[in-house]
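# Fold and geometry: a report
What follows is each chain in one-letter form.
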Amino acid sequence: MLSFIRSWLPGLPSFQWSILSTNPIDSVLQGLTGACGISVLCNLMRVYLFIKCLSDPERLSAQRDRLRSPRFFTEILHLCVLSSILSVVGARVGALVVLEFSLRAVSTMLSTRKGSQNSQLFLLCQYSLGCALTSSLSFLQEGAPHRTLSLLLGAGLAGLLTWHTQALVRHVGTMYELHSKQRYCGVCITLLTCWHDIPALLTTALKITFAVAGMAAVYLINKDFLSTSEAMRFWTPLTICYTLLVIYMQEEQQQNPSEEMALQTVFVRMGGLLILMLTVGKWLDVLHILVSLLGEVWCLLRARAMLEVCRSQDCSDSEGVYRRGAERWSPNTGSPRGHSPPSPSIEASSR
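Conventions used here
Residues numbered from 1 in each chain as written. Predicted model: local features only at pLDDT ≥ 70, side-chain atom pairs only at ≥ 80, totals over all residues. Heavy atoms only, no water. Core = buried A, V, L, I, M, F, W, Y, C linked by side-chain atoms within 4.5 Å. Buried < 20%, exposed > 50% of the residue type's maximum accessible area, 1.4 Å probe, protein only. Helix = DSSP H or I, 4+ residues; strand = E, 2+ residues; numbered from the N terminus. Contact = heavy atoms within 4.5 Å. Salt bridge = Lys/Arg side-chain N within 4 Å of Asp/Glu carboxyl O. Polar contact = N/O pair within 3.5 Å; in protein donor to acceptor, adjacent residues only side chain to side chain. Axes fitted to C-alpha atoms, helices over the stretch in contact; angles between N-to-C directions. Parallel < 35°, antiparallel > 145°, perpendicular 65-115°, else oblique. Left-handed = near helix turned anticlockwise from the far one by under 90°. Nonpolar A, V, L, I, M, F, W, Y, C, P; charged D, E, K, R; others polar. Disulfide = S-S within 2.5 Å.

For the rest of this paragraph, the subject is the nonpolar core. Met45, Leu49 and Tyr127 are the most contacted members of the largest nonpolar core, which has 76 residues in total. In terms of residues, this core owes the most to one element, helix α3 (residues 24-55), which gives 15 residues. Contacts of Met45, omitting those with residues within four sequence positions, involve Ser119, Phe122, Leu123, Leu202, Met306 and Cys310.

So this is what it looks like as structure tokens:
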């Protein structure tokens, strides 16, 4: 049957049906693990944003209602769609997505002002995180004697974490405001004292994840090349493409991006990778990039409410940082507080 299908594609000699040669069970388990990782990230961010809205009820009360826990059926549908997309996308395209986001994240962290926050980056990296988990699993489990069993245990652990974080979102959305005042719930008391540490926890986890995924991505890309010259023919245009994308993202970071700008950025990034794969890649990679575009758009649309809350909170936090910086200088002389300007009598005597 497979040879009959191939006979209808005489003009595509470089088309490799590698997706059919891999174990479909392993692909599904890797995709499920990646989808669960995305769900855990979104659930923790939802908890953080909800508690932060409660800290300023006058200004953020309208946004708080948008962060309530979604319906169970919606969460299951979201998990199934992401699992299917990540299962279909190959390791090669997943590795390209990981490298692109890693460069973009490093550029963002270097250009961010000290004291300012960019919580949108946690939500913009959803699909890249899923690709990072699947690429890492492909690299770490390659050649393992009990690969399917290991992936099954990993998927089970990821599912358990997802279930607990979803339960935490439901509990915080319904009972946190009451329990934090009466102080008789251990979970709410813990969140009351350390909810500020959630971004730092996520940052550390993402750094470790993408560090491992970066090494895995380089290995997964290079293992298909038979010679150094062949590798250079691929890495040279890839480096140029990623450099242009980073420059484009640097210009976009100068302003607080809207939802339309975020979607436009996704199309530009995936369009650049699509052109690159049409030039030096394979036809299956082109198909995987189109599927990745669907995954990116799905993740952004799913987190639309949280992205809007992040934009407004990042703007308010930046204004607070600028205001605190301005208060360190006296309004009339422009000198720091505690250092008064020289008096006229002293200046006259010195003359």
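Picking up after the structure, the text goes on.
Here we take up the pattern of salt bridges. It is possible for side chains of opposite charge to pair when their charged atoms get near one another. Scanning all chains against the criterion turns up 7 salt bridges. Residue Asp26 is joined to Arg147 by a salt bridge in which the shortest nitrogen-to-oxygen separation is 3.8 Å. Residue Asp26 is located in helix α3, and its partner Arg147 is located in helix α9 (residues 147-182); the two are separated by 121 residues in the primary sequence. For the salt bridge of Glu142 with Lys223, the shortest nitrogen-to-oxygen distance reads 3.7 Å. Of the two residues, Glu142 is situated in the loop between α8 (126-140) and α9 and Lys223 in the loop between α11 (198-222) and α12 (228-252); the sequence distance between them amounts to 81 residues. For Lys223, a relative accessible area of 44% puts it in the partly exposed group.

Positionally, Glu75 belongs in helix α5 (residues 72-88). A polar atom in the side chain of Glu75 sits 3.4 Å from the side chain of Gln166. In contact with Glu75, not counting residues within four places along its chain, are Ser39, Pro70, Gln166 and Arg302.

Two elements in contact, α3 and α11, have axes separated by 10 Å at closest approach and are oriented at 160°. In terms of axis orientation, α3 runs roughly antiparallel to α11. Crossing of α3 over α11 shows left-handed handedness. Along the contact surface, α3 presents Leu41, Leu44, Met45, Val47 and Tyr48, while α11 presents Ile198, Pro199 and Leu202. In terms of residue class, the contact of α3 with α11 is made up of 8 nonpolar, no polar and no charged.

The final tally for this structure, using the stated rule, is 0 disulfides. Free of any disulfide, Cys42 has its nearest neighbouring cysteine sulfur in Cys299, separated by 7.1 Å. For Cys42, a relative accessible area of 9% corresponds to the buried category. The thiol of Cys188 is not disulfide-bonded; the next cysteine sulfur, from Cys185, is found 3.7 Å away.

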